[in-house]
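Below, each chain spelled out in residue letters.
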2 protein chains.
Amino acid sequence: MSRREGRDLRIRARAARTALAAPYTLRRTAIVSLIDEEAVAIIERNADRILDEIGMEFRNDPETLEIFRKAGARVDGERVRFDPGWCRDRIRTAPPVFTQHARNPSRSIQVGGNAQVYCPSFGPPFVHDIERGRRYATIEDFRNITKIHHQLAAVNHSGGVVVEPVDLPVPVRHLHMAHAHLTLNDKPFMGAVTAPERARDTIEMCRLAMGADFVDRNCVLYSVVNTNAPLVLDETMLWALKEYARAGQCTVVSPFVLGGAMSPVTIAATLAQVLAEVMASVALIQLIRPGAPAAFGTFFSPLSLKTGAPTFGTPEGTQFQMCAKTLADRLGLPFHSVGALTASKVPDAQAGYESQAQLMGATLAGVNFIIHATGCLEGLLTTGYEKIVMDADRCSAMMRFVEGVDFSEAAQAMDAFREVPPGGHFLGAAHTRANFETAFWMGEMSDNGTYEQWAAEGALWEHERAALRVRKLIADHEPPEMDPAIRESLDDFVARRTHEIMGDRR
Amino acid sequence: MSRREGRDLRIRARAARTALAAPYTLRRTAIVSLIDEEAVAIIERNADRILDEIGMEFRNDPETLEIFRKAGARVDGERVRFDPGWCRDRIRTAPPVFTQHARNPSRSIQVGGNAQVYCPSFGPPFVHDIERGRRYATIEDFRNITKIHHQLAAVNHSGGVVVEPVDLPVPVRHLHMAHAHLTLNDKPFMGAVTAPERARDTIEMCRLAMGADFVDRNCVLYSVVNTNAPLVLDETMLWALKEYARAGQCTVVSPFVLGGAMSPVTIAATLAQVLAEVMASVALIQLIRPGAPAAFGTFFSPLSLKTGAPTFGTPEGTQFQMCAKTLADRLGLPFHSVGALTASKVPDAQAGYESQAQLMGATLAGVNFIIHATGCLEGLLTTGYEKIVMDADRCSAMMRFVEGVDFSEAAQAMDAFREVPPGGHFLGAAHTRANFETAFWMGEMSDNGTYEQWAAEGALWEHERAALRVRKLIADHEPPEMDPAIRESLDDFVARRTHEIMGDRR
């Protein structure tokens, strides 16, 4: 293969790769489970016993207690207890697979089944970049991050609170976040869960952007509700859950568990507790609106013995996911869990090791919706700009991995062996020339060249190359197409609601 | 739990952890295979066809050709062809599981079965540390690295050419390397493969250190022979292979393949080629000494479309291992393959992501002997000092992972749920206090503390913390116990052989 031929092959390869970008990945490889039938039976029995003997508390929300009482659960104050199997029966109406529609239909995702979706980090109050360091995030950071994710093919979702825009008053943040997701990105996104009227505002903005009828009849929002482990759901989360369930939008119930503090210090016990919390909460969703989409979520981090702080990228984090996925399958619910988490404060090797461990674990576990797949630093207290593009590259590798291995006759390449003698090389073989373009995954961020070439290009570490790419992605961003009338209606809605909410405080 | 109680728990936990250090890990979790029975049959048939139609070349070694001819293979010049199934039949005498004995019996390893061993990188001519940068390695570096590995519980082997000591003349390097492995470390190690007399010297030094009788009756050396893919074994490797086979020492046959250049550009074709090369080479070992220990090795790196250079941490690298392991199982051979490889030149995030991907892939694939598990930079052109301790921490996490999940009654912790009410916390529960110490894996290298604490401690990136640990490990090293007479005999042997080899050149 001549230099010129090599270049031509490369150009064609890049074009082929761009065309391959899909809104989500369909897994063809088997998932990895670490729990057998006998252990599943133990965990399910223990979850039933927890719900029957101890029960779950639903706090400061008489309506929820009334719903449960009418349906036949045993309500005692705010504590609700459930007969074994009762919650599981209620959950049967939840769909095992559903579509979350994006504003751009070609970006709509499947949630559940063998689909796999990568979604940005959720919730950090801080941002970090290597030039400016760590600081409180602003709405400008939020917009930048949303612009970056719009352009990353390996990220299937625009996320939710990609960072907290702390420069905006709390009561109006949700308006500006939804506005950014709808105008700077055309992938699906998440709804606000901090107050019922904020959930309603987010739904209303979707109705403006995607059509009221469409939104009333389809799932366009995917929102995460955390239980307060152990065994509590508070009024804020309950209000959001009820609002989205009534609107037929998806709610993920994701117990937030620091193992050893918010659950017993073992995987087996934590699984039973999480299963109990998810079953009771999804049962509530189905009582409110049978058939409303829901998912089984987990966020599990073992507490450090040394520091008392949460840890990430640990063997137990992955083991937990590889068991919980099987429990979700048994309930017939899509499974949602964490991706590239790290405790590191900076985009260093620790961030790489831990994030890859969590991301690969989640992928092999068969997590359907992988949240926190990009940008996490400091255990979700910080979103790192460089970390976003570094993580997205590894999401891309994981997508390729789950596509499995091709054993077709073409892939067997027996003709190539007949063409190339022992000790020869395959670079110029007909089979190589025909398949080079799409044969192997190629990342955007890894440097594989020679030391000399790398040194000549400035001897940049990966986070330094990432910083350059981030700058370019922000500069290159072009907002996805939107009808100007729709855009105006969104702008007007934000202005009107801001006035209503802030009034004189403005 | 009070602060004092917490400290007591932590102290006991550390003691418990040290006591746990084992010479290797016994995997309790299922391995991940990506190849089904139908595809296995295809690959095996193709390997048989390659050996039958194309054959393999054994270069510049008439003795090998004579061995094959006498045994019934079809020899034509240096090309040897094999009837379908012929090699597989010869391999039946190889043991599926064997012990490689270490000088310290408590460090001896099991190779094969459900055992899993982590071994340092092999072969780099350069070393790198963050203070001095990249430079040619010396025997002092070799000794330092061997001292470090002696103290890392997650590394089960002292390796072979952990770096090339380029300050020593080539013909005597093997003496000083074996001397370092035998005196600075008491884990098992690898034999020289660069010339038959060097293999004999290494065996002789083991006889001095471990007893001649013992060495003659047991496997104490584990040596790696690379084919020159495609389908060539050259005289250097053949000589080493024959020497070790005759001495009953283990030889791993590991085709070194850059996919797309040294094999066709697909996994399916590369699997068939590698299987063919391993079968023919292990058949030779068994013809030389039936029952001599051997292993099925792989080193597969997809060639980069962009740079023409090898890539690491890719989905195909892991997919390949997850298929090849099944082929090794079908031959009844232990499986040897690569660990924490990276193309990065420095201990940055790329190094972390790629190394974790390869290491976790190898672990899940069930690789029995994971070579290059610590220290790799620049695709094995460099060993990084900091990288060694960073990688070892991840080996430790992987060891814990494959131990699986405990579903015993004690782990179910139903009493803890009865003790702690909804919304409470488990830190002080009796079950937590009884199990905190060994409950979760804790690494040495990751920083999980608060941002403020991290900043107060100097805001160190992982490679900076690793540099401090490296310095301490080198300073703290104490040579393992050795009978002074044995030590003297080893020193004398090196002096005498150096004189014989170098003569006047000295």
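Residues numbered from 1 in each chain as written. Chains lettered and ligands numbered in written order. Predicted model: local features only at pLDDT ≥ 70, side-chain atom pairs only at ≥ 80, totals over all residues. Heavy atoms only, no water.

### Considering the overall build of chain A
- For chain A, the count of helices and strands is 19 helices and 19 strands.
- Projecting the C-alpha coordinates of chain A onto the three principal axes gives extents of approximately 80 × 60 × 50 Å.
- With 506 residues in all, chain A has 65% of them scored as buried.
- Accessible surface, chain A as shown: approximately 17400 Å² in total, 50% of it carbon and sulfur.
- Taken as two groups, the 54 positive and 62 negative side-chain charges of chain A have centres that lie 1 Å from each other. (Helix = DSSP H or I, 4+ residues; strand = E, 2+ residues; numbered from the N terminus. Buried < 20%, exposed > 50% of the residue type's maximum accessible area, 1.4 Å probe, protein only. Areas by Shrake-Rupley, 256 points an atom, 1.4 Å probe, with all protein chains shown as cover. Lys, Arg positive; Asp, Glu negative; His and termini not counted. Charge placed at Lys NZ, Arg CZ, Asp CG, Glu CD.)

### Focus: the environment of Arg-90 of chain B
All names here are of chain B.
- By secondary structure assignment, the location of Arg-90 is in helix H4 (residues 86-91).
- A relative accessible area of 26% means that Arg-90 is categorised as partly exposed.
- Spatially, the C-alpha atom of Arg-90 lies 8.2 Å from that of Val-282, the residues being 192 residues apart in sequence.
- Here Arg-90 is in contact with Ala-283, Gln-286 and Leu-287, once residues within four sequence places are set aside. (Contact = heavy atoms within 4.5 Å.)

### Topic: the packing of helix H11 (residues 315-331) of chain B against helix H12 (residues 349-365) of chain B
All names here are of chain B.
- Between H11 and H12, the least distance of the axes is 9 Å, while the angle of their chain directions is 20 degrees. In this view, H11 runs roughly parallel relative to H12, as classed from their interaxial angle. Considering the relative orientation of H11 and H12, their crossing is right-handed. From H11, Thr-318, Gln-321, Met-322 and Lys-325 reach across to H12, where they touch Ala-357, Gln-358, Gly-361, Ala-362, Leu-364 and Ala-365. (Axes fitted to C-alpha atoms, helices over the stretch in contact; angles between N-to-C directions. Parallel < 35°, antiparallel > 145°, perpendicular 65-115°, else oblique. Left-handed = near helix turned anticlockwise from the far one by under 90°.)

### Quick look at the side chain of His-477 of chain B
All names here are of chain B.
- Along the polypeptide, His-477 turns up in the loop between helix H18 (462-476) and helix H19 (484-502).
- His-477 gets classed as buried once you look at its relative accessible area, which sits at 12%.
- Sequence-distant contacts of His-477, that is, excluding residues within four places in its chain, are made with Lys-147, His-150, Gln-151 and Leu-184.

### So, the nonpolar core
- Phe-58, Phe-82 and Phe-296 of chain A together with Phe-58, Phe-82 and Phe-296 of chain B are the most contacted members of the largest nonpolar core, which totals 243 residues.
- Apart from residues no more than four positions distant in its own chain, Phe-58 of chain A is found in contact with Thr-64, Leu-65, Phe-68, Glu-78, Val-80, Phe-82, Leu-233, Leu-238 and Ala-280 of chain A. (Core = buried A, V, L, I, M, F, W, Y, C linked by side-chain atoms within 4.5 Å.)

### Things to note about the relation of the copies chain B and chain A
- Screw-axis analysis of chain B against chain A gives a translation of 0.0 Å along the axis, an RMSD of 0.0 Å, and a rotation angle of 180 degrees. What the superposition gives is, in effect, a two-fold axis relating one chain to the other.
- Looking at chain B, 100% of its interface residues are interface residues in chain A too, so the copies touch through the same face. (Least-squares fit on C-alpha atoms with pLDDT ≥ 70 in both.)

### Some points on the interface of chain B and chain A
- Counting from both sides, the interface comprises 123 residues of chain B and, opposite them, 123 residues of chain A.
- Carbon and sulfur atoms supply 69% of the area that chain B and chain A bury against each other, a total of about 10300 Å² over both sides.
- Looking at the side of chain B facing chain A, the largest losses of area belong to Leu-305, Tyr-353 and Phe-440 of chain B, adding up to 9% of the total buried there.
- Counting across the interface, chain B meets chain A through six salt bridges.
- Between Arg-418 of chain B and Glu-53 of chain A there is a salt bridge whose closest N-O contact spans 3.0 Å.
- One can count 36 residue pairs in polar contact (both at pLDDT 80 or more) joining chain B with chain A. (Buried area = accessible area lost by both parts, 1.4 Å probe. Salt bridge = Lys/Arg side-chain N within 4 Å of Asp/Glu carboxyl O. Polar contact = N/O pair within 3.5 Å; in protein donor to acceptor, adjacent residues only side chain to side chain.)

### Digging into the pairing of strand E9 (residues 133-136) of chain B
All names here are of chain B.
- Direction of pairing for strand E8 (residues 126-129) relative to E9: antiparallel, over a ladder of four bridges. In the strand pairing of E9, Val-127 is matched with Arg-135.
- Counting the residues between successive antiparallel strands, the hairpin from E8 to E9 contains three residues. (Pairing = 2+ DSSP bridges.)

### Examining the pattern of salt bridges
- Under the criterion given, the structure shown has 66 salt bridges over all chains.
- Across the salt bridge formed by Glu-44 of chain B and Arg-88 of chain B, the nearest N and O atoms sit 3.3 Å from each other. Here Glu-44 of chain B is found in helix H2 (residues 37-54), whereas its partner Arg-88 of chain B is found in helix H4, with 44 residues between them in sequence.
- For Arg-88 of chain B, a relative accessible area of 18% puts it in the buried group.
- Shared partners join several salt bridges into a network, and the residues in it are Arg-49 and Glu-53 of chain A together with Asp-415 and Arg-418 of chain B.

### Description of the pairing of strand E14 (residues 294-297) of chain B
All names here are of chain B.
- Side chains Ala-294 and Phe-296 project from E14 onto one buried face, and the interleaved Ala-295 and Gly-297 project onto a second face that is buried too.
- Here two bridges tie E14 to strand E16 (residues 335-338), and the two strands are oriented parallel to one another. Its bridge partner being in E16, Gly-297 is matched across the sheet by His-336.

### Quick notes on helix H3 (residues 62-71) of chain A
All names here are of chain A.
- All of the buried residues along H3 are Thr-64, Leu-65, Ile-67 and Phe-68. Down the axis of H3, the sector holding all buried residues measures 160 degrees, keeping them to one side. Among the exposed residues of H3, those oriented more than 90 degrees off its buried face are Pro-62 and Lys-70.
- Its buried side turned inward, H3 meets strand E2 (56-58), strand E3 (74-76), strand E4 (79-81), helix H4 (86-91), helix H9 (235-246) and helix H10 (267-288).
- Phi for Gly-72, located one or two positions after H3, is positive at around 110 degrees. (Arc of directions from axis to C-beta.)

Without other data, these values stay purely geometric and don't point to any function.
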